[in-house]
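# Structural characterization, general
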Amino acid sequence: MTPPHDPVKKTRVRIVKANLYNLFRERFPESLTDAFIEIPGGDYLSYGDLERESARYATFLTGLGLKPGDRVAVQIEKSPQALFLYLGCLRAGLIYLPLNPAYRRAEMEYYLDDAEPGAVICRSSDLDGMHELARTRALQHIYSLDANGQGSLTEACQPIDGKYNTCEVAPDDIAVLIYTSGTTGRPKGAMLTHANLYTNALALHQAWGWRAGDVLLHALPLFHVHGLFVACHCVLLNGTKMILLPKFDVATIISSLPKATVFMGVPTFYTRLLADPAFGRETCRHMRLFTSGSAPLLVQTFDEFRARTGLEILERYGMTETGMNTSNPLEGPRRPGTVGTPLPGVSVRIVDEREAEVQADTVGQLQVKGDNVFKGYWRLPEKTAEEFTADGYFRTGDLARKDNDGYVSIVGRAKDLIISGGLNIYPKEIESYLDKIDGVLESAVIGVPHPDFGEAVIAIIVRKPEGTSLTEDGVIAALKNLIAGFKVPKQVFFVPGLPRNTMGKVQKNLLRDRYADLSS
Ligand code: MLC
Ligand code: AMP
């Protein structure tokens, strides 16, 4: 139970009827001319710009006839305007659906069919393709927004004045739909409510001690939980500034860190920074907090980082369906190899196959309960029900143990998932594309340790008798046409047969052992 003095709980009760945007709005700085986003080069956009631009987007989208609960699919590059569009959707009660710009046509078709958005915002270069996809779908409204803030959406919004009455929503109204795959290989939309998001934002803001003058250096993409919610929501609740970089780039990070106090990254960010001798104590002289998540941070990386900078990375753990669940402490010991203790308002338990809680230091399945946990999978009530226990815990599919002090370590995954550079890849999805390539009899996709991405995707293929001309390059080229580049296997191996158990199931553990030493 949440203790009565918990400030997160108190604030939650007070804002229970509010739109997430209103929670941010309450925390804006007194002067709306204060900077919200600094862009490389030193220019900045203020909180007033945020208020005005989000109002324009909200007015325009509702003017198209979109109603609260309608989806707005957004597949664009990172920019300040992308963030304003997200906030505009919140203000209008529209469901924001962010999509990785790397997704290809077949992937986009799936999302459009499943989510049935009322509008799509894409890059100008994708307009023609999107109009083509719209021809066979009930999709009327397609606009563009590019990395430089220009596009048909910007033009259409220009004449609109910057005032909008943020709409009232219920706490469990859906704010965002983010696709994630689970074990079935087909992406499912995780429905995140206004209450899910504000509960988690308040918990993180408090746990990480956000304070006046904090500046976040933002290098994550804006289409996932980490870059959009964990990072931006903390800044919005703090009413301070972030430096928004278009993407992660070591040299830019090193030159920008002296202007920042907080940085958030996936482990790949840290291994890449450590690989540059220019990164060290001097670079980090104003930094008070580095956090890591989305994938396991190696103890070796934690140790090297401390030796180089004198600072300890704070590792936390979360997922799309739940937001953040645990965190190492701001004050007190940060234990490498652990993801810390549950955040305020989050219950975490580790259970055995019979769903009985296990003893300390025993590995089991990690389950989570709290107001941060999502509403369910979009239009999949049965799948949603399967993923929750009778007493309301969500089955994360992660394997973990908890020590006597309550620190959780993620030790593996029950779900068949590869995390490469912080991006999730579902082997089944890749196998389904591989199996359609001419000459492929069957395939197995696994993750192997990789020095840069943590894990890398590789494919093991059995050719058909007539498929002997099939090559590694041929397979990779075929896949690049079909799916996002980060999902394409880095290497392909051809074998006469796949190892199977007596039930006929491919023994991926044997394959993982056999190919574990590929480290390039
Ligand atoms: C890019 N590529 C990848 C990749 N990212 N391959 C495998 N894994 C990845 N993560 C490939 C591209 O397809 C391309 O291949 C080549 O690398 C160069 O592309 P790039 O875009 O220039 O790459 P780079 O900028 O180096 O990107 C790497 C990265 C990026 C690590 C900086 O992937 C990244 O920002 N990752 C963070 C993802 C993230 O935010 N995850 C949070 C999810 S939320 P080719 O062959 O086409 O040249 C979540 C919940 C939680 O998990 O707990 O936070
Ligand atoms: P996603 O579906 O993209 O939200 O990814 C969530 C998954 O990422 C979790 O279920 C974990 O498997 C993994 N994950 C996130 N943070 C960590 C972490 N700090 N350590 C280990 N795994 C993590």
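Residues numbered from 1 in each chain as written. Chains lettered and ligands numbered in written order. Predicted model: local features only at pLDDT ≥ 70, side-chain atom pairs only at ≥ 80, totals over all residues. Heavy atoms only, no water.

Attention shifts here to the sheet that holds strand β15 (residues 341–342). The strand order across the open sheet built from nine strands is β2-β1-β10-β9-β11-β12-β13-β14-β15, with neighbouring strands paired in mixed fashion. Two strands in the sheet have a free side with no partner beyond their single neighbour: β2 (44–46) and β15. Judged from the two bridges that link them, strand β1 (residues 35–38) and strand β10 (residues 241–244) form a sheet pairing that is parallel. Looking across to β10, one finds that Glu38 is bridged to Ile243. Lying on the sheet, helix α3 (residues 47–63) is in contact with β1 and β2; it crosses β2 at an angle near 70°. In the packing of helix α4 (residues 80–92) onto the sheet, contacts are made with β1, β2 and β10, and the angle to β1 comes to roughly 135°. (Pairing = 2+ DSSP bridges. Helix = DSSP H or I, 4+ residues; strand = E, 2+ residues; numbered from the N terminus. Contact = heavy atoms within 4.5 Å. Axes fitted to C-alpha atoms, helices over the stretch in contact; angles between N-to-C directions.)

As a further point, take the side chain of Thr309. Residue position: Thr309 is located in helix α12 (residues 299–309). At 3.0 Å, the side chain of Thr309 and the backbone nitrogen of Leu311 are in polar contact. Excluding its chain neighbours within four sequence positions, the residues that come into contact with Thr309 are Phe279, Gly280, Arg281 and Cys284. (Polar contact = N/O pair within 3.5 Å; in protein donor to acceptor, adjacent residues only side chain to side chain.)

As a further point, take unusual backbone geometry. Backbone phi values are negative for most residues with the exception of glycine, while trans is the configuration of most peptide bonds. If you check the backbone angles, Asp361 has positive phi at about 65° while not being a glycine. Looking at the element boundaries, Asp361 is found in the loop between β16 (346–351) and β17 (364–370).

An ideal rise of 1.5 Å per residue puts 18 Å on 13 residues; α4 measures up with 19 Å between its terminal C-alpha atoms. The buried fraction of α4 is high, at 13 of 13 residues. Once α4 finishes, Gly93 follows within two positions and takes phi at roughly 75°, a positive value. (Expected span 1.5 Å × (residues − 1). Buried < 20%, exposed > 50% of the residue type's maximum accessible area, 1.4 Å probe, protein only.)

The four strands are arranged β16-β17-β19-β20 in an open sheet whose pairing can be described as antiparallel. With partners counted over all chains shown, the strands left at the sheet margins are β16 and β20 (408–413), one partner each. Between one strand axis and the next, the sheet turns by 45° as a mean value, whatever way the strands run. Here four bridges tie β17 to strand β19 (residues 394–402), and the two strands are oriented antiparallel to one another. Bridge pairing in β19 links Gln367 to Arg395.

On to the site of ligand 1. Lining the immediate environment of ligand 1, one finds 23 residues, of which Arg272, Ser294, Arg316, Ser420 and Lys480 sit closest. Ser294 is positioned with one of its side-chain polar atoms (N or O) 2.6 Å from an oxygen atom of ligand 1. Gly422 is positioned such that a nitrogen or oxygen atom in its backbone is 2.8 Å from a nitrogen atom of ligand 1. Isolated, ligand 1 exposes 1000 Å² of accessible area, and the fraction of that covered by the protein chains is 74%. (Near = heavy atom within 4 Å. Areas by Shrake-Rupley, 256 points an atom, 1.4 Å probe, with all protein chains shown as cover.)

This part is about the domain arrangement of the protein chain. The domain architecture assigned to the protein chain consists of domain 1 (47–193), domain 2 (248–413) and domain 3 (418–518). Between domain 1 and domain 2, the C-alpha centre-to-centre distance is 28 Å. Taken residue by residue, the interface counts 18 residues in domain 1 and 10 residues in domain 2. In total, domain 1 and domain 2 occlude about 1300 Å² of area from one another, counting both sides; carbon and sulfur atoms represent 63% of this. Among the residues of domain 1 in contact with domain 2, Lys188, Met191 and Leu192 are the three that bury the most area, contributing 40% of the side total. Where domain 1 packs against domain 2, one counts one salt bridge. Put simply, Glu116 and Arg379 hold a salt bridge, and the shortest N to O gap is 2.7 Å. Linking domain 1 with domain 2 are seven residue pairs in polar contact (both at pLDDT 80 or more). (Domains from an automatic or database assignment. Buried area = accessible area lost by both parts, 1.4 Å probe. Salt bridge = Lys/Arg side-chain N within 4 Å of Asp/Glu carboxyl O.)

Here the focus is the site of ligand 2. With respect to spatial proximity, 17 residues lie near ligand 2, and among them Arg316, Thr320, Asp398, Lys415 and Asn424 are the closest. In this structure, Arg316 approaches ligand 2 through a main-chain N or O atom, which is 2.8 Å from a nitrogen atom. Relative to its free-state accessible area of 500 Å², ligand 2 is covered by the protein chains to the extent of 93%. Mapped onto the shell around ligand 2, the elements with two or more residues apiece are β13 (314–319) and β20. A per-class count over the shell around ligand 2 returns seven nonpolar, five polar and five charged. (Nonpolar A, V, L, I, M, F, W, Y, C, P; charged D, E, K, R; others polar.)

Let's shift gears to the pairing of β16. In terms of residue burial, β16 counts as a mostly covered element, since five of its six residues are buried. Relative to β17, β16 is paired through six bridges, and the arrangement is antiparallel. From the neighbouring strand, Val351 faces β17, where its bridge partner is Gln365.

This part covers the pattern of salt bridges. Evaluation of the coordinates by the stated rule reveals 32 salt bridges. A salt bridge links Glu132 to Arg105; the shortest N-O distance between them is 3.1 Å. Taken together, the residues Glu132 in helix α6 (residues 127–135) and Arg105 in helix α5 (residues 105–115) connect sequence positions 27 residues apart. Judged by its relative accessible area of 39%, Glu132 falls in the partly exposed class. The partner of Arg306 in a salt bridge is Glu312, with the nearest N and O atoms 2.8 Å apart. By relative accessible area, Arg306 is classed as partly exposed at 35%. Sharing partners across several salt bridges, the network here consists of Asp416, Glu431, Lys508 and Arg512.

Ranked by internal contacts, the top residues of the largest apolar core, which has 110 residues, are Phe36, Leu85, Tyr86 and Phe263. Among the elements that line this core, the one with the most residues is helix α9 (residues 225–238), at 10 residues. Both domains that furnish three or more residues to this core are identified here as domain 1 (47–193) and domain 2 (248–413). For Leu85, the contacting residues outside a window of four places in its chain are Tyr57, Leu61, Val74, Ile76, Tyr96, Ile121, Leu145 and Leu153. (Core = buried A, V, L, I, M, F, W, Y, C linked by side-chain atoms within 4.5 Å.)

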